[in-house]
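# Residue-level structure breakdown
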Amino acid sequence: MTTRAIIKGVGHYLPARVVPNSEFEATLETTDEWIKARSGIERRHFAADGETTSQMAAHAARKALDMAGVDAAQVDAIVLATSTPDLTFPSAATMVQAELGMKNGFAFDVQAVCAGFVYALANANALIVSQQAKRVLVIGAETFSRIMDWTDRGTCVLFGDGAGAVLLEAGTGDGTKADRGILATDLNSDGTYKDLLYVDGGVNDQNSGKLRMEGKEVFRHAVEKLAATAHKAMEKAGVETRDVDWVVPHQANLRIIKATATKMGLPLENVVVTVQDHGNTSAASIPLALSVGVERGQIKQGDMVVTEAIGGGLAWGSVVLRW
Ligand code: UT7
């Protein structure tokens, strides 16, 4: 018998304010047409003044707990992927723990930028498989609107705010790809690419900074690395292309999503796409897409799901799971 980390609930939260591409036309030399054509993005949500990453994360977490029928007191750990925590410390995860009224368990943040949720899922899976936890809330939550340079049209039109969460629970399987739960993970990073995507502030200059990106270069790495990591995770799981029901990619750019699906040998009909409505929400994008995919009736129990993401670091990875 093999211990498997099975997704029992999923949920998401989006801030109320929806910002269409056209809103940027007043302040930047840009157009709705350019943004749509180059990225696939049509709108994004921005957090209200005072609305924080941990608050959005807690909303999403409550929805995942509700779907699973699990009380916060039954959760052993919270793993929260974010690059935009409320404070430098303590972790946003411990703030969510307090918000949910949890006196038990432990909570920590994972910082792997846009690959954060994949990293968090892999870590939560390890906690469950090594029997350190039975139930783990895995959350991706971001307020990237707080680290935008509103004069840089190459970045500020691309990102959005939001949160998504899943509740993982220990179960058992036969150790085959027929099992429900996480079947394999693949994580990678290469710190020599730091200058392609980073925030130009931090504790050293007492300024939280603004996002800087060499978009074209990141695009090139994404197309090359995403299909490769997905294939590696699929190989570890013994999963072939024909077994895959849904690819749930990081939602940065529709052109990257399409190119990766093509490289994986899958049509766009097998891909959950939400980038048009959310923009790039970094670590929140995959759990948001999982939640929306379930809401739309796309992802159903028993489906084979492949997630893949890349972001600052560079850091990238993939998780293969049966829903
Ligand atoms: O989540 C982490 C991972 N991040 C990503 O995956 C992002 C990867 N990169 C991308 O998605 C794309 O590179 C972008 C959407 C950022 C840009 O698309 P692109 O096709 O690579 O365009 P580009 O950067 O080569 O820019 C083409 C032109 C440039 O003008 P010139 O030099 O050709 O005159 C830009 O200045 O488009 C210009 N441009 C814009 N024009 C109108 C850049 N941003 C804008 C804009 N509106 N917002």
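As the structure is a computational prediction, the values presented were derived from the model and not from experiment.

## Remarks on the site of the ligand
Taken together, 22 residues are adjacent to the ligand, and Thr 30, Arg 38, Lys 216, Asn 253 and Asn 280 come closest. Contacts to the ligand include Gly 215, whose backbone N or O atom sits 3.0 Å from a nitrogen atom. When the ligand is considered free in solution it has 940 Å² of accessible area, and contact with the protein chains removes 73% of it. Of all elements in the fold, only α1 (32–39), α5 (215–237) and α6 (254–264) reach the threshold of two or more residues within the shell around the ligand. The element best represented in the shell around the ligand is α5, accounting for 4 residues. Its residues assigned to classes, the shell around the ligand shows 11 nonpolar, 6 polar and 5 charged. Of the domains in this structure, domain 1 (2–173) and domain 2 (181–322) are the two that each give at least three residues to the shell around the ligand.

## Structural notes on the pattern of salt bridges
Inspection of the entire model under this criterion finds 17 salt bridges. Note that Glu 99 is salt-bridged to Arg 62, the shortest N-O span being 3.5 Å. Of this pair, Glu 99 sits in helix α3 (residues 92–99) while Arg 62 sits in helix α2 (residues 53–68), placing them 37 residues apart in sequence. Across the pair Glu 169 and Arg 135 runs a salt bridge, and its minimum N-O distance is 2.7 Å. Of this pair, Glu 169 sits in strand β7 (residues 161–173) while Arg 135 sits in strand β6 (residues 135–143), placing them 34 residues apart in sequence. Through salt bridges with shared partners, one network takes in Lys 8, Arg 135 and Glu 169.

## Describing unusual backbone geometry
Glycine aside, the phi torsion of most residues is negative, and most peptide linkages are trans. Going from Phe 89 to Pro 90, the amide bond is cis rather than trans, its omega being 0°. Tracing the sequence through the fold places Pro 90 in the loop between β4 (77–81) and α3. In this model, Gln 206 sits at a positive phi of 50°, which is unusual for a non-glycine residue. With respect to the helices, strands and loops of the structure, Gln 206 is situated in the loop between β9 (197–199) and β10 (211–213). Not every positive phi belongs to a glycine, and Ser 282 is a case in point at roughly 50°. As for its placement among the helices and strands, Ser 282 is situated in the loop between α7 (275–278) and α8 (285–295). Under the relative-accessibility criterion, Ser 282 is labelled buried at 1%.

## Some points on the domain arrangement of the protein
One can read the domain layout of the protein as domain 1 (2–173) and domain 2 (181–322). Computed from C-alpha atoms alone, the centre-to-centre distance between domain 1 and domain 2 is 14 Å. Tallying the contact residues gives 52 residues for domain 1 and 48 residues for domain 2. Summed over both sides, the interface of domain 1 with domain 2 buries roughly 3800 Å², with 65% coming from carbon and sulfur.

## Things to note about the sheet that holds strand β8 (residues 181–189)
Hydrogen bonds between backbone groups are what pair the strands of a sheet, and the pairing can be parallel or antiparallel. Pairing is mixed in the open sheet, where 4 strands are placed in the order β8-β13-β12-β11. Two strands bound the open sheet, and with one partner strand each, they are β8 and β11 (246–249). Averaged over neighbouring strand pairs, the angle between their axes works out to 15° when direction is ignored. Where β8 meets strand β13 (residues 315–322), 8 bridges bridge the pair, whose relative direction is antiparallel. Among the inter-strand pairings, Asp 186 is bridged to a residue of β13, identified as Ser 318. Its contacts with the sheet put α8 on β11 and β12 (304–311), and the angle it makes with β11 is roughly 140°.

## A word on the sheet that holds strand β1 (residues 2–13)
In spatial order, the strands read β1-β7-β6-β4-β5; together these 5 strands make up an open sheet with mixed pairing. The open sheet terminates on both sides in strands that have one partner only, identified here as β1 and β5 (106–110). Between one strand axis and the next, the sheet turns through 20° on average, direction left out of account. Relative to β5, β4 is paired through 5 bridges, and the arrangement is parallel. Each residue of the ladder has a partner; that of Leu 80, found in β5, is Asp 109. Sitting on the sheet, α2 touches β1, β4, β6 and β7, and the angle it makes with β1 is about 120°. The sheet contacts of α8 involve β1, β6 and β7, and relative to β1 the element is tilted by about 85°.

## Thoughts on the pairing of β4
Extensive coverage of β4 is indicated by the burial of 5 of its 5 residues. The alternating pattern of β4 places Ala 77, Val 79 and Ala 81 on one face and Ile 78 and Leu 80 on the opposite face, and all of these are buried. Assessed by its sense of winding, the connection that carries the chain from β4 through α3 to β5 is right-handed. Examined bridge by bridge, β4 and β6 share 5 bridges and lie parallel to one another.

Parameters at a glance
- By convention here, each chain's residues receive numbers from 1 onward along its written sequence.
- In view of the model being predicted, local features appear only for residues whose pLDDT reaches at least 70, and side-chain atom pairs are presented and counted only at 80 or more, with totals across whole chains, interfaces and linings using the full set of residues.
- Excluding hydrogens and water, the side-chain figures rest on all heavy atoms present in the structure.
- The cutoff for a nearby residue is simple: one of its non-hydrogen atoms must lie within 4 Å of the molecule or strand.
- Polar contacts, as counted here, are pairs of nitrogen or oxygen atoms within 3.5 Å of one another; within protein the pair requires one atom able to donate a hydrogen and one able to accept it, and residues that are adjacent in sequence qualify only if both atoms are side-chain atoms.
- Reported accessibility uses the Shrake-Rupley method at a 1.4 Å probe radius. Residues are deemed covered only where the shown protein chains occlude them.
- Under the DSSP-based scheme used, a helix requires at least four consecutive residues in state H or I and a strand at least two consecutive residues in state E, with every element numbered from the N terminus.
- Under the scheme applied, nonpolar residues are Ala, Val, Leu, Ile, Met, Phe, Trp, Tyr, Cys and Pro; charged residues are Asp, Glu, Lys and Arg; polar residues are all the others, including Gly.
- These domain limits were set by an automatic method or by a database of domain assignments.
- Basic side-chain nitrogens of Lys or Arg form a salt bridge, by our definition, when they fall within 4 Å of a carboxyl oxygen of Asp or Glu.
- Buried means the residue's accessible area, taken with a 1.4 Å probe over protein chains only, is under 20% of the maximum for its type, while exposed means over 50%, and partly exposed covers the values in between.
- For this analysis, residues touch if any pair of their heavy atoms sits within 4.5 Å.
- As used here, buried area is the combined drop in accessible area, with a 1.4 Å probe, of two parts when they are placed together.
- Strands qualify as paired when DSSP identifies two bridges or more between them.
- For helices, the fitted axis covers only the stretch in contact; all axes are lines through C-alpha atoms, and the angles between them, taken along N-to-C directions, range from 0 to 180 degrees.
- Call a crossover right-handed when, viewed with both strands pointing away from you, the route from the first strand across the helix to the second goes clockwise.

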